[in-house]
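Examining the three-dimensional arrangement
So you can see what is in the structure, the chains are spelled out below.
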Amino acid sequence: MTAISTPKGFRCLPLPLVQLSLSSVLKCGQSFRWTSYPISPVCDPSAPHAYEYRFCLRDRVVCLRQSSEALFYRSIFADGYLDPAQADTREEETLVWLKDYFQLDVDLVQLYDKWSERDPVFRNVRPRFPGIRMLRQDPWENLVSFICSSNNNIARITKMVHALCKHYSPPLLSLEPPVTDSDDTANYHPFPPPSILATPEVATKLRSLGFGYRANFIQRTAKMLVDERGATVMGSSVHCVNEAAEMWLMTLRHLDTPKAREELLRFVGVGRKVADCILLMSLDKREVIPVDTHVHQIATKHYGFRALGSSKKVSMTPTLYEEINRKLADTWGEYAGWAHSVLFTADLKVFSSYEMPASPSTSTETTPNTGRPSSSKRMRKTVPFDTDELPVVIDPTPQGDVNSPIEDTSLAERVKKRRRAVEYH
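Notes on the structure in this doc start here. (Residues numbered from 1 in each chain as written. Predicted model: local features only at pLDDT ≥ 70, side-chain atom pairs only at ≥ 80, totals over all residues. Heavy atoms only, no water.)

**Description of the sheet that holds strand β5 (residues 70-77)**
Applicable threshold: Only when DSSP finds a minimum of two bridges between them are two strands counted as paired. Think of it this way: any DSSP run of H or I at least four residues long counts as a helix, any run of E at least two long counts as a strand, and we number them from the N terminus. As a rule, the C-alpha atoms of each element are fitted with a line to give its axis, helices using only the stretch in contact, and angles between N-to-C directions run from 0 to 180 degrees.
Spatially, the five strands line up as an open sheet ordered β1-β5-β4-β3-β2, and their pairing is antiparallel. If you trace the sheet from one side to the other, it starts and ends with β1 (11-14) and β2 (35-38), each paired once. Between one strand and the next, the sheet's axes are offset by a mean angle of 25°, whatever the strand orientation. As paired strands, strand β4 (residues 60-66) and β5 are joined by seven bridges and run antiparallel to one another. Counterpart to leucine 64 in the pairing with β5 is tyrosine 73.

Encoded structure:
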């Protein structure tokens, strides 16, 4: 066996790509605060080792790289130099966090084997999309991020979440990119706690940043949490200090799924689908399947559900939502929510050429290999539901520059722009 070469300053966790693929898991609409940097001036984007990924916790920035056989990690701290003993202790803390965050106690290959045995559709997708697992995120950050997801796409949600952190959380530290051919440095901001976002002026500021109607939802949800659960610092872990409201959200992991969902549905801006995203992505409800237009299209194409018709706007009824959920849960079993994330990722336009050789002619407008007609118009006529939307509902785009302005591209805003264009012409 070839020895694993660990990058300077990093530590090594042997872990093959079939157990975790950073390039898919961190870009498929689960979490929105990871940033990626090429680690060579000339790199192959399809190679697993082409990028370094960074994430800011409340006391450290975690940096990750990957080879086909290992995950490499290191932490950067605001307090600077650590002696070797301190460094060992702190990196052990980071490793504990990584194992929890990526749920590395779950053998993903065994799950892929089970899903492939039960479902020929999954078996066909499996070779191109290995290593896609569910993250175990902080519930508070997950809640706010998916309030932002209503009628939105990954690129814009990413910009919103970064803007929120930039304006409401002081920078923990600054870092240069891995390729230091410029003087550019990036500031890393932790996610702000509920008490910071609960004040009335937050909604006005977020609207000015382009959050639209979601600004009120975020502020009111934060206020509701603080009013009911308090802002007292109740505990700390190796990587963060938690307010009482954040600690209470974590206790929802111990409730059964219906009760935890009921608690989430009380918050402003949280409907059934957003609640199900939070249940799956941060509250350990691995059987939950959030149903959006992508999932309905998958159910229609592969699992015997009828299309909802040619109307430009139709309702996703609770009955239909439950029927799709039940069918897919019966197909995939106990970890149905995890299996759904693989097919969801495979259906995204941004992953249309994933695991395929890159070529100069490859365009971001390439149609996904999902069996649907290749017309780009077909992709843009995805039928929106009358529900709170998961990200990437209409014409998903890559993450882009998180520092560029946020444009309000809600359905109402798009209609207004079209009307203005018609009036002008």
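**Observations regarding the pattern of salt bridges**
We count it as follows: By convention in these notes, a salt bridge is any Lys or Arg side-chain nitrogen within 4 Å of a carboxyl oxygen on Asp or Glu. Only protein chains enter the calculation, and the probe is 1.4 Å; a residue is then buried if its accessible area is under 20% of its type maximum, exposed if over 50%, and partly exposed in between.
One pass over the full model with this rule turns up 22 salt bridges. With a shortest N-O distance of 2.7 Å, glutamate 246 and arginine 58 are connected by a salt bridge. Placement of the pair is glutamate 246 in helix α10 (residues 244-251) and arginine 58 in the loop between β3 (51-56) and β4, with a sequence separation of 188 residues. Exposure remark for glutamate 246: the relative accessible area of 2% places this residue in the buried category. Linking aspartate 100 and arginine 136 is a salt bridge whose minimum nitrogen-to-oxygen distance equals 2.7 Å.

**Section: the environment of serine 195**
Rules: The contact criterion used throughout is that any non-hydrogen atoms of two residues lie within 4.5 Å.
You can see serine 195 is positioned in helix α7 (residues 194-197). Serine 195 gets classed as partly exposed once you look at its relative accessible area, which sits at 25%. Here the alpha-carbon distance between serine 195 and glutamine 219, two residues 24 residues apart in the chain, equals 9.7 Å. Once residues within four sequence positions are removed from consideration, serine 195 is found in contact with Val226, Ala231 and Glu243.

**Here's the deal with the packing of aromatic side chains**
The condition is simple: Note on ring pairs: Phe, Tyr and Trp rings are taken, using the six-membered ring of Trp, and paired if centres are within 6.5 Å. Classes follow the plane angle, with under 30 degrees stacked, over 60 edge-to-face and the rest tilted. Consider the ring centre and the ring normal. A charge sits over the ring if Lys NZ or Arg CZ is within 6 Å of that centre and within 35 degrees of that normal.
If you walk through the whole model with that rule in mind, you get 17 aromatic pairs. Arranged with centres 5.1 Å apart and planes meeting at 80°, the rings of tyrosine 112 and phenylalanine 122 form a pair that is edge-to-face. Of the two residues, tyrosine 112 is situated in helix α3 (residues 108-118) and phenylalanine 122 in helix α4 (residues 120-125); the sequence distance between them amounts to 10 residues. The class of tyrosine 112 is buried, set by a relative accessible area of 3%. Its end group placed over the ring of tyrosine 37, arginine 54 keeps NZ or CZ at 4.9 Å from the ring centre. The cationic tip of arginine 214 hangs over the ring face of tyrosine 213; the distance from NZ or CZ to the ring centre is 4.5 Å.

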